[in-house]
Amino acid sequence: MTPVVCATVEEVRRAVAGARAKGLRVGLVPTMGALHEGHASLIRAARCEMGFVVLWLFVNPTQFGPKEDFTRYPRPFERDLEVCRTEGIDLIFAPQRETVYPEAFSSWVQVEGMQDVLEGASRPGHFRGVCTVVLKMFNMVGPDVAYFGQKDAQQVIVLKRMVRDLNVPVDLRVCPTVREPDGLALSSRNVYLDPEQRRHAVALFEALGAAREQVFRGERNTGLVQRSLAERIRATPGAVLDYAAVVDAESLRPVEPLHGKVLLALAVRFGATRLIDNLVLEITDEGAAEASL
Ligand code: PAJ
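Residues numbered from 1 in each chain as written. Predicted model: local features only at pLDDT ≥ 70, side-chain atom pairs only at ≥ 80, totals over all residues. Heavy atoms only, no water.

Remarks on the domain arrangement of the chain
Part 1: In terms of domain boundaries, the chain breaks down into domain 1 (4-175) and domain 2 (188-284).
Part 2: With centres defined by C-alpha atoms, the gap from domain 1 to domain 2 works out at 26 Å.
Part 3: Across the domain 1/domain 2 interface, buried area totals approximately 1700 Å², and carbon plus sulfur atoms make up 51% of it.
Part 4: By the criterion of area lost to domain 2, the three top residues of domain 1 are R72, L118 and E119, representing 30% of everything that side buries.
Part 5: R274 is the salt-bridge partner of E119, the closest N and O atoms lying 2.8 Å from each other.
Part 6: Where domain 1 packs against domain 2, one counts nine residue pairs in polar contact (both at pLDDT 80 or more).
Part 7: Elements that contribute at least two residues to the side of domain 1 that touches domain 2 include exactly α5 (119-122) and α7 (153-165). (Domains from an automatic or database assignment. Buried area = accessible area lost by both parts, 1.4 Å probe. Salt bridge = Lys/Arg side-chain N within 4 Å of Asp/Glu carboxyl O. Polar contact = N/O pair within 3.5 Å; in protein donor to acceptor, adjacent residues only side chain to side chain. Helix = DSSP H or I, 4+ residues; strand = E, 2+ residues; numbered from the N terminus.)

So this is what it looks like as structure tokens:
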């Protein structure tokens, strides 16, 4: 099935209204394109649960910092179209920049506090751009459910807070991180890694796995788990640690000792390429188990 490709809000709204008139529920999969198996897993989850599935495809300039990779971000439209065809997307919404950000655009969504830690501390303005574009796409498309990956854990945590605070009538679903056979989380940015960096990039997954084992064995000292994450990355050739964080998975605030739902998050640079990964653990008096957001 070849998806319909739309560039205007009117076309999308017409198609979505048509689907609703047939009694179908509408799912939205927000992406910046360069689709890989991680994105495909979100599409498949949406395809299972929804009658009509829209893929948002827009490389959002406002979530990139001035020194980030906006201009060189991969844009393989024909390949993306093929993925959408294979996975059964009904409609691709690929708006022009002026459609999303008309002249004199001046309204922004900010989730105070949460947007300034971890990813937000390293990428000022990033979540302001993400929240603004996501609220806009929700308003433009009007989905029942939107699908996100746990790969970008803070993104989902911040967006959940936005949806709650602003009474946005959309349910968010979080899908597990899809990985390469060696454990590296799939990312559109992995193509930037040279073979040597690619080999060492598995360190993020290994460091998180080792920290998980520490917690499973009973370690509840947050600082200690955080330090062992950091040390493992520092011992990796070519890796430069941006942050290693162990925080409450709902508020992103520090937890000490470890309890409840906890996010273990890493950001690491290999040359100019910045990789992130995370794990979520649920810790009770009885013990610890891997969990999802
Ligand atoms: P993008 O980086 O294209 O990611 C789109 C969605 O795919 C996100 O929800 C992300 O978490 C998910 N994803 C990426 N890699 C994944 C993996 N390995 N496993 C599972 N899911 C994965 O995230 C964005 O775009 C943008 O910020 C966006 C929300 C579209 C706003 O511009």
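Digging into the packing of aromatic side chains
Part 1: Here the structure, examined in full by the defined rule, presents eight aromatic pairs.
Part 2: Judged by centre distance (5.8 Å) and plane angle (70°), the rings of W56 and F58 are edge-to-face.
Part 3: Overall, the relative accessible area of 6% leaves F58 in the buried class.
Part 4: Seen in terms of ring centroids, F58 and Y101 are 6.4 Å apart; in terms of plane orientation they differ by 40°. Their pairing is tilted. Separated by 43 residues along the polypeptide, F58 in the loop between β3 (52-57) and α3 (77-87) and Y101 in the loop between α4 (97-100) and α5 bring together distant segments of the chain. The same class applies to F58 as to Y101, namely buried.
Part 5: Here the aromatic residues W56, F58, F93, Y101, F105 and W108 are joined through ring pairs into a cluster of three or more.
Part 6: Positioned over the ring face of F70 is R75, at 5.0 Å from the centre of the ring. (Phe/Tyr/Trp six-rings, centres within 6.5 Å; stacked < 30°, edge-to-face > 60°. Buried < 20%, exposed > 50% of the residue type's maximum accessible area, 1.4 Å probe, protein only. Lys NZ or Arg CZ within 6 Å of the ring centre and 35° of its normal.)

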